[in-house]
Amino acid sequence: MDYYQLTPDVIDEALASVGIYVDRGLMALNSYENRVYRFQSESDGTLVAKFYRPERWSRAQIEQELDFVTAAAEQGVRVAEPLQRDDVRLFEFNGLLFSVWRSVPARAFEPDNLEQLEALGEQLARLHGVGETLSLDQRPQMTPKTELVHSRRVLEQQAAIPAALRPRFFAVLDELTQGVIEGYRPGALIGIHGDCHGGNLLWHQGPWLLDFDDCRKGPAVQDLWMMLSGDRGEQLMQLDTLLAGYENVREFNSAELALIEPLRASRMINYMAWLAARWSDPAFPVAFPWFNTEDYWQRQLGALTEQLQSLSAPPLSLTSWS
């Protein structure tokens, strides 16, 4: 089946094949890597169906994603759980893999709300406690060197970077990449969410973690730093709040704070490459019309140059916060 032709009729058929029926309200949600739809089922309430992009993850890798979420739920972490049918959580219809999840009746998470940040710290600590117990041997490890080599190749071959800008762009990119490789010295790697930002969080009597599509083995700080924004003082306050909640449950290795800027730089580069690699998907030019313009690449060069300076600055340290 063509992944790009998931019509309502096809979605209905796929769900009906596992005994789940759409009664009303089928609506595409804001997801680009996979295809995600919310709907009402008379027997099961509000559900979300997730159709996985072919060749992104293997069946074994997706099953470990579902194992991680299920184990987290069993330990009291606020996560949306996948539905099971005859002890099966990962379904297949005409070659497409999909899962079905219970919808969380919640509102948007407020990253500038310190009470919510502290509660999120607690939930992440509980999640990481689960992540320590799982092998996740089919999921990738967070290895910026390998990822950035791939991202550079994608940007060189697939991104429409203006010719006059390319020499300077790739010179800065290479210098930043080298800085990331030299600065990324993680300690213990544990099971993490991997993509913990405001778009993957909800709030209902506490924070809820959504979308474990990027779960992997990595340093705990990866699930914290994306919640930091603003100037250095604001980030220190946010970090202090997150860790106040986190250390109610689990000790945090403060040496990992030195990984924040290398991880931030790595994400910036990988995000550009992700957009370039997916540009042939019809959903991407519609969702990201500003990408691949000359102005975009000029701004990215500026952002990479600024991040290069951040990489050489002293890392965030709670000893400097008062």
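A. Spatial organisation of helix 4 (residues 144-158). In this model, helix 4 (15 residues) spans 20 Å end to end at C-alpha, consistent with the 21 Å of a helix rising 1.5 Å per residue. When helix 4 is considered as a whole, its buried residues turn out to be P144, E147, L148, S151, V154 and L155. Down the axis of helix 4, the smallest arc covering the buried residues is 120 degrees, so these residues share one side. Opposite its buried face, helix 4 presents the exposed residues K145, T146 and Q157, each directed more than 90 degrees away. Among the structural elements, helix 5 (166-183), strand 10 (216-218), helix 8 (260-277) and helix 10 (294-312) are those in contact with the buried residues of helix 4.

B. Molecular detail of the environment of L134. Tracing the backbone shows L134 in the loop between helix 3 (114-131) and helix 4. C-alpha of L134 to C-alpha of A71: the two residues are 63 residues apart in sequence and 9.0 Å apart in space. Residues within four places of L134 in sequence aside, it is in contact with F68, A71 and K217.

C. The arrangement of the side chain of R35 in detail. Note on placement: R35 falls in strand 2 (residues 35-41). For R35, the side chain forms a polar contact with the side chain of D281, separated by 3.1 Å. Residue contacts for R35: discarding those within four places in its chain leaves Y3, Y4, L6, A49, K50, F51, R53, D281 and A283.

D. Focus on the packing of helix 4 against helix 5. Taken N-terminus to C-terminus, the directions of helix 4 and helix 5 make an angle of 170 degrees; their axes are 10 Å apart at the nearest point. Accordingly, the angle class assigned to the pair helix 4 and helix 5 is roughly antiparallel. Across the interface between the two elements, P144, K145, L148, R152, L155 and E156 from helix 4 touch R166, F169, F170, L173, D174, T177, V180 and I181 from helix 5. A per-class count over the contact of helix 4 with helix 5 returns 8 nonpolar, 1 polar and 5 charged.

E. Inspection of the packing of aromatic side chains at higher detail. In total, this model carries 20 aromatic pairs according to the counting rule given. Both rings, one in Y296 and one in W297, keep their centres 4.8 Å apart while their planes meet at 80 degrees; by these two values the pair is edge-to-face. For the residue pair Y296 and W297, the accessibility class agrees, reading buried in each case. By the ring-pair criterion, three or more aromatic residues cluster together here, those being Y32, F169, F170, Y271, W274, W279, F284, F288, W290, F291, Y296 and W297.

Reading the values: rules and limits
- Counting from 1, residues in each chain are numbered in the order their sequence is written.
- This being a predicted model, a pLDDT of at least 70 is required before a residue's local features are given, and a value of 80 or more before pairs of side-chain atoms are given or counted; all residues contribute to the totals for chains, interfaces and linings.
- The side-chain quantities take in all heavy atoms of the structure and omit both hydrogens and water.
- Put simply, DSSP marks the helices as runs of H or I at least four residues long and the strands as runs of E at least two long, and each gets a number from the N terminus on.
- In this analysis, the expected span of each helix is defined as 1.5 Å times one less than the number of residues it contains.
- Residue burial is assigned from relative accessible area. The probe radius is 1.4 Å, only protein chains are included, and a residue is buried under 20% of its type maximum, exposed over 50%, and partly exposed in between.
- Directions from the helix axis toward the C-beta atoms define the arc.
- Contacts are residue-level and defined by heavy atoms, with any inter-residue pair within 4.5 Å sufficient.
- Throughout this description, a polar contact denotes any pair of N or O atoms lying within 3.5 Å of each other; where both atoms belong to protein, one of them has to be capable of donating a hydrogen while the other can accept it, and for residues adjacent in sequence the pair is counted only when both atoms sit in side chains.
- The convention used is that axes are lines fitted to C-alpha atoms, helices contributing only their stretch in contact, and that angles between N-to-C directions extend from 0 to 180 degrees.
- Throughout, the term roughly parallel applies to angles under 35 degrees, roughly antiparallel to angles over 145, roughly perpendicular to angles from 65 to 115, and oblique to all others.
- In the scheme used here, Gly and all other residues not listed as nonpolar or charged are polar, with Ala, Val, Leu, Ile, Met, Phe, Trp, Tyr, Cys and Pro taken as nonpolar and Asp, Glu, Lys and Arg as charged.
- Centre distance within 6.5 Å is the pairing criterion for rings of Phe, Tyr and Trp, where only the six-membered ring of Trp is used; planes under 30 degrees apart are then read as stacked, over 60 as edge-to-face, and the remainder as tilted.

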